[in-house]
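# Fold and geometry: a report
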Amino acid sequence: MLEMKNVQTFYGNIQALKGISLRIAEGEIVTLIGANGAGKTTTLMSVCGIVPPRAGEIFFEGRPIHHMAANKIVSLGICQVPEGRRIFPYLTVLENLDMGAFLRNDKAEIKRDLDYVFSLFPILAERRNQAGGTLSGGEQQMLAISRALMARPRLLLLDEPSLGLAPLVVKQIFEIIRKVNSEQKTTIFLVEQNANLALKVAHRGYVMENGQITMTDTAASLMANEQVRKAYLGI
Ligand code: ATP
């Protein structure tokens, strides 16, 4: 579904991605783990066209997207939940969710998807008329994921969904990630610093260091790998 070939991305003179190649098949949950500053967020930003690569290629369902504008990439079915949530704080929960469906006009299906996200996160239904900015951190993460789901993406990019959240909320969010993948058949590319959590939910993973992919395997094999255990799992 997604293929990155030797992608190089820069911020001015700083090279954040030094030739990234990876593949994600339809239906998979693939995680990208790595330390602070490894280039994980930049990888997602390159896929969704916000920080376009300077060299290399990115294909979505066989179609080159590395020269495409971000709004065009969204319309193809790729949606990102950015780090730090970035919901619209002055809009209500319902209005935030409506924004997620901005590019759609299939009203009955939008209603169905709204009911679906409310079934995933009943607290959002209760808070539907409350301003997004007044929600707790965990509820804002739920809203950010739900807003992305309202676009009915085929590929969902999640950037550090666990960041700054209490363990119980993180557990709930990761259960939902698994559920959306199995029920909606949404393919998921998950960036996480919490490698333990990410490898538990993912089918496969890539390890990133200093702008490069250094390892890839099934999530189970990565979890059993001595190097990964020492560097990322704290075991
Ligand atoms: P974190 O987990 O801390 O978010 P990350 O693995 O997602 O880290 P990136 O945010 O992709 O890493 O950063 C990769 C490199 O690019 C880092 O060296 C970072 O300092 C640099 N970088 C990121 N954003 C910018 C920017 N807007 N301008 C300049 N350099 C940047």
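## Focus: the pattern of salt bridges
- One pass over the structure, following the stated rule, counts 12 salt bridges.
- Of the charged contacts, one joins Arg 104 and Asp 106 as a salt bridge, the two residues approaching to 3.1 Å between their closest N and O atoms.
- The partner of Arg 112 in a salt bridge is Glu 109, and the shortest N-O contact between them spans 3.6 Å. Taken together, the residues Arg 112 and Glu 109, both in helix 4 (residues 107–120) and three residues apart, mark about one turn of the helix.

## Observations regarding the packing of aromatic side chains
- All told, the structure shown has zero aromatic pairs when counted by the stated rule.
- The positively charged end of Arg 54 is found above the aromatic ring belonging to Phe 10, 4.0 Å away from the centroid.

## As for helix 3 (residues 93–100)
- Along helix 3, the residues classified as buried are Val 93, Asn 96, Leu 97 and Gly 100. What you see down the axis of helix 3 is that its buried residues fit within an arc of 95°, all on one side.
- Where helix 3 is buried, its residues contact helix 4, helix 5 (122–126) and helix 6 (137–149).

## Section: the side chain of Lys 40
- With respect to the helices, strands and loops of the structure, Lys 40 is situated in helix 1 (residues 40–47).
- Despite its burial, Lys 40 pairs with no opposite charge, the nearest such side chain being Glu 160 at 4.2 Å.
- Once you skip the residues sitting within four places of it in the chain, Lys 40 turns out to touch Leu 32, Ile 33, Gly 34, Ala 35, Glu 160, Val 191, Glu 192, Gln 193 and Met 208.

## Re the sheet that holds strand 1 (residues 2–11)
- Ordered by their spatial adjacency, four strands build an open sheet running 2-1-4-5, and the pairing between neighbours is antiparallel. What marks the edges here is a single partner per strand, and that holds for strand 2 (14–24) and strand 5 (63–64).
- Where strand 1 lies against strand 2, eight bridges are found, and the strand directions are antiparallel. In the sheet register, Val 7 faces strand 2, and the bridge partner there is Ile 20.
- Sheet strands touched by helix 1: strand 1, strand 2 and strand 4 (55–60). Its angle to strand 1, the strand with the most contacts, is close to 110°.

## Structural notes on the pairing of strand 8 (residues 187–192)
- Buried residues dominate strand 8, accounting for six of its six residues.
- Burial of strand 8 is two-sided: the residues Thr 187, Phe 189 and Val 191 facing one way and the residues Ile 188, Leu 190 and Glu 192 facing the other way are all buried.
- Sheet analysis places strand 3 (residues 29–34) next to strand 8, joined by five bridges and oriented parallel. When the bridges of strand 8 are listed, Val 30 appears paired with Phe 189.
- Between strand 7 (residues 155–159) and its parallel partner strand 8, the chain crosses via helix 7 (residues 167–183), and the hand of that crossover is right-handed.

## Describing the nonpolar core
- Leu 97, Leu 124, Leu 158, Ile 177 and Val 228 are the most contacted members of the largest nonpolar core, which has 47 residues in total.
- Beyond its immediate sequence surroundings of up to four residues, Ile 177 is in contact with Ile 29, Leu 158, Pro 161, Ile 188 and Val 201.
- Counting 27 residues, the second-largest nonpolar core is a separate cluster that includes Leu 2, Val 47, Ile 58 and Ile 65.

## What to know about a nonpolar patch on the surface
- Taken together, the side chains of Val 74, Phe 88, Met 99, Phe 102 and Leu 103 define a hydrophobic patch exposed on the protein surface, amounting to about 490 Å² of accessible area.
- Locating Val 74 in the fold gives a position in helix 2 (residues 70–76).

## Topic: the pairing of strand 9 (residues 204–209)
- The element strand 9 is largely enclosed, with a buried count of five among its six residues.
- Alignment of strand 3 against strand 9, held across five bridges, turns out to be parallel. Residue pairing for strand 9: Leu 32 is matched across the bridge by Tyr 206.
- Looking at chain direction, strand 9 and strand 10 (residues 212–218) are connected through six bridges and run antiparallel. Looking at the pairing, Arg 204 lines up with Thr 218 of strand 10.
- Counted between consecutive antiparallel strands, the loop separating strand 9 from strand 10 contains two residues, among which Asn 210 sits at a positive phi close to 50°.

The rules behind each value
- Residues numbered from 1 in each chain as written.
- Predicted model: local features only at pLDDT ≥ 70, side-chain atom pairs only at ≥ 80, totals over all residues.
- Heavy atoms only, no water.
- Salt bridge = Lys/Arg side-chain N within 4 Å of Asp/Glu carboxyl O.
- Helix = DSSP H or I, 4+ residues; strand = E, 2+ residues; numbered from the N terminus.
- Phe/Tyr/Trp six-rings, centres within 6.5 Å; stacked < 30°, edge-to-face > 60°.
- Lys NZ or Arg CZ within 6 Å of the ring centre and 35° of its normal.
- Buried < 20%, exposed > 50% of the residue type's maximum accessible area, 1.4 Å probe, protein only.
- Arc of directions from axis to C-beta.
- Contact = heavy atoms within 4.5 Å.
- Lys, Arg positive; Asp, Glu negative; His and termini not counted.
- Pairing = 2+ DSSP bridges.
- Axes fitted to C-alpha atoms, helices over the stretch in contact; angles between N-to-C directions.
- Right-handed = clockwise from strand over helix to strand, strands pointing away.
- Core = buried A, V, L, I, M, F, W, Y, C linked by side-chain atoms within 4.5 Å.
- Patch = residues over 30% accessible without salt bridge, like charges linked within 9 Å, V, L, I, M, F, W, Y side chains within 5 Å.
- Areas by Shrake-Rupley, 256 points an atom, 1.4 Å probe, with all protein chains shown as cover.

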